[in-house]
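# Close look at the chain arrangement
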Amino acid sequence: MFRSRHESSGRRRASGLSASCSFAAAATAALALFLTGCVEGPLPAPVRRTGDPIVDGNAELAAAPVKDRVLWDYRIAASALRAGKYDEAKAKLDDAITRMGGIIANDESAKKARSLFSNESDKTFIGEPYERAMAFYYRGLLYWRDGEPDNARACFRSAQFIDGAAVQENYRGDYVLFDYLDGLASAKLSDDGSDAFARAQTLAKHDLPAYDKDANVLCFVEFGQGPRKYAAGQYGEELKFRAQQSRIRSARLIVGDQTANFTPWDNLSYQAITRGDRVMDHILGNKAVFKQGAEAAGDLALVGAAIAADNIYKEPRRVPPQVGPAGRPIPQRPEVEKNYDAENAAIALGVIGLIGKVAASATTPRADTRAWENLPQYLSFSALKLPAGSYPATLQFVDAQGEPVADLTRRFTLTVNDPAHDTVVILSELKR
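Here is a short report on the structure shown in this document. Just so we're clear, the structure is a prediction, and the values are computed from it rather than from any experiment. (Residues numbered from 1 in each chain as written. Predicted model: local features only at pLDDT ≥ 70, side-chain atom pairs only at ≥ 80, totals over all residues. Heavy atoms only, no water.)

### Points about the overall build of the protein chain
- Tallying secondary structure elements over the protein chain gives 12 helices and 15 strands in all.
- For the protein chain, with 432 residues in total, the buried portion stands at 44%.
- Sequence separation of at least 24 residues holds for 74% of the intrachain contacts in the protein chain that already meet a minimum separation of 6.
- Of the roughly 23,000 Å² of accessible surface on the protein chain, 53% is carried by carbon and sulfur atoms. (Helix = DSSP H or I, 4+ residues; strand = E, 2+ residues; numbered from the N terminus. Buried < 20%, exposed > 50% of the residue type's maximum accessible area, 1.4 Å probe, protein only. Contact = heavy atoms within 4.5 Å. Areas by Shrake-Rupley, 256 points an atom, 1.4 Å probe, with all protein chains shown as cover.)

The following block contains the structure:
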């Protein structure tokens with residue numbers, strides 16, 4: 001069957017219109033997806049500050065979205081621990097650990113945050129491995145303080161396990177203190193803690209004290225400011241850590257005629273940036289690569305659309321001159337033929353370019369910089385043997401020159417109620 005030129009052109013136009021509508025529909029859907037993701041709810045009312053980190057923290061917790069609850073549990077627990085409000089610290093750590101376990105097992109927000117069009121900060125916060133490990137460490141100290149070294153040991157083992165876990169590989173946890181306390185708790189429980197001690201000694205940079213089951217005053221000291229998170233890279237897709245060297249390099253506790261010295265056993269800044277003994281950059285590379293690819297594809301498609309648009313109209317076809325009366329030529333306007341294929345290509349490439357640009361804009365590779373901000377940099381430990389009684393004690397924090405920092409020196413009373421049970425003392429340079 002033969003078709004006229006006009007019938008063929010009409011079919012081409014209809015085909016082009018159908019294709020254009022399909023691409024336009026896709027672009028509209030992509031744009032709607034992007035705009036929907038930009039809609040935010042009303043901001044919560046600001047919390048009125050009292051200056052008390054526990055009161056203010058609980059107010060923030062009450063106003064915070066569910067995804068930030070564990071973060072505020074962490075922060076409040078550390079402040080409560082340093083203020084001697086141990087019941088408050090236990091309640092917050094128990095809540096955080098319970099939620100952490102459920103989130104790790106099945107967290108829809110974490111799955112959503114792993115998609116290309118979701119912010120990492122939209123996921124439920126449980127923290128980096130060093131943050132999760134510290135939650136178990138602090139809870140272990142409180143269990144020991146309550147006379148439950150078996151539960152304390154379970155917490156220290158959990159902390160070491162969390163440190164060794166990674167998304168793609170498994171690394172052996174390398175906290176000195178966690179292994180050491182694992183073995184010490186075992187020794188106190190009349191179990192064999194030699195393997196844990198050996199692991200700790202292998203990791204340590206100094207000779208560790210042998211276990212003394214009769215040492216009944218367990219002193220835990222922390223100092224320095226813990227690591228800070230920040231976003232780096234072209235799109236802020238790299239999660240990195242900033243560690244400021246602490247002016248405090250050690251501490252000493254003077255109780256009567258006994259002196260306990262505290263040098264760093266573990267460094268949380270080091271733990272933040274390593275897995276095992278390998279330094280790592282936390283990069284959300286899949287999202288960054290997609291954003292670059294989508295932008296490049298969008299740019300390329302738009303350039304192609306511009307080129308195709310220039311070719312919509314073909315070169316004018318010269319019409320042979322006609323001769324009028326008296327043999328005079330009659331001017332003829334050149335016929336311009338429209339290139340429907342080029343028109344359809346221009347529309348299609350333009351829509352594809354729009355989709356690419358919308359997709360690139362909707363992709364949010366920025367790293368999650370929410371952080372447990374009141375963690376220390378260094379952890380240390382020492383044990384004393386004291387009979388029942390109250391003792392005046394002095395805690396000094398020592399700088400790089402070996403001199404006590406006067407404004408940080410603290411004096412307090414250390415009380416041993418029952419020498420048959422361990423007295424746990426938790427001391428920190430940090431006030432909040």
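### A short note on the sheet that holds strand β5 (residues 258-262)
- If you trace the four strands from one edge of the open sheet to the other, you get β5-β4-β13-β14, paired in antiparallel fashion. Two strands lie at the open edges of the sheet, namely β5 and β14 (410-416), each paired on one side alone. For this sheet the average axis-to-axis angle between neighbouring strands, irrespective of direction, equals 25 degrees.
- In terms of strand pairing, strand β4 (residues 248-255) meets β5 through five bridges, oriented antiparallel. Note that in β5 the partner of Val255 across the bridge is Gln258. (Pairing = 2+ DSSP bridges. Axes fitted to C-alpha atoms, helices over the stretch in contact; angles between N-to-C directions.)

### Looking at the packing of aromatic side chains
- With the rule as written, the count across this model stands at 18 aromatic pairs.
- Summarising the aromatic geometry, the rings of Tyr138 and Trp372 are spaced 6.0 Å apart at their centres and angled 65 degrees between planes, so their arrangement reads as edge-to-face. Pair noted here: Tyr138 is in helix α6 (residues 129-145) and Trp372 is in the loop between α12 (340-362) and β12 (376-384), with a separation of 234 residues, a long-range link. Of the two residues, Tyr138 and Trp372, both sit in the buried class.
- Through pairs of rings, three or more aromatic residues link up here, namely Tyr74, Phe125, Tyr137, Tyr138, Trp144, Phe156, Tyr175, Phe178 and Trp372.
- Just above the ring of Trp72 sits the side chain of Arg75; from NZ or CZ to the centre is 4.7 Å.
- The ring of Tyr230 has Arg242 sitting right over it, with the charged end atom 4.2 Å from the ring centre. (Phe/Tyr/Trp six-rings, centres within 6.5 Å; stacked < 30°, edge-to-face > 60°. Lys NZ or Arg CZ within 6 Å of the ring centre and 35° of its normal.)

### As for the packing of helix α3 (residues 69-82) against α6
- Put simply, α3 and α6 touch, their axes get as near as 11 Å, and they point 35 degrees apart. By crossing handedness, the relation of α3 to α6 is classed as left-handed. Where α3 abuts α6, its residues Tyr74, Leu81 and Arg82 lie against Glu131, Arg132, Ala135, Tyr138 and Leu142.
- Grouping the amino acids of the contact of α3 with α6 by side-chain chemistry returns five nonpolar, no polar and three charged. (Left-handed = near helix turned anticlockwise from the far one by under 90°. Nonpolar A, V, L, I, M, F, W, Y, C, P; charged D, E, K, R; others polar.)

### Quick word on unusual backbone geometry
- Of note in this structure, Ser190 is not a glycine but carries a positive phi near 65 degrees.
- With respect to the helices and strands, the residue Ser190 is situated in the loop between α8 (176-188) and α9 (194-203).
- You can call Ser190 exposed: its relative accessible area is 61%.

### With respect to the sheet that holds β12
- Within the open sheet, the four strands sit side by side as β6-β12-β1-β15. Their pairing is mixed. Since the sheet does not close on itself, it has two edges, and those belong to β6 (266-267) and β15 (423-428), each with one partner.
- With two bridges connecting them, β6 and β12 associate as antiparallel partners. Within β12, the position partnered with Asn267 by the bridge is Tyr378.

Structural measurements only, silent on function.
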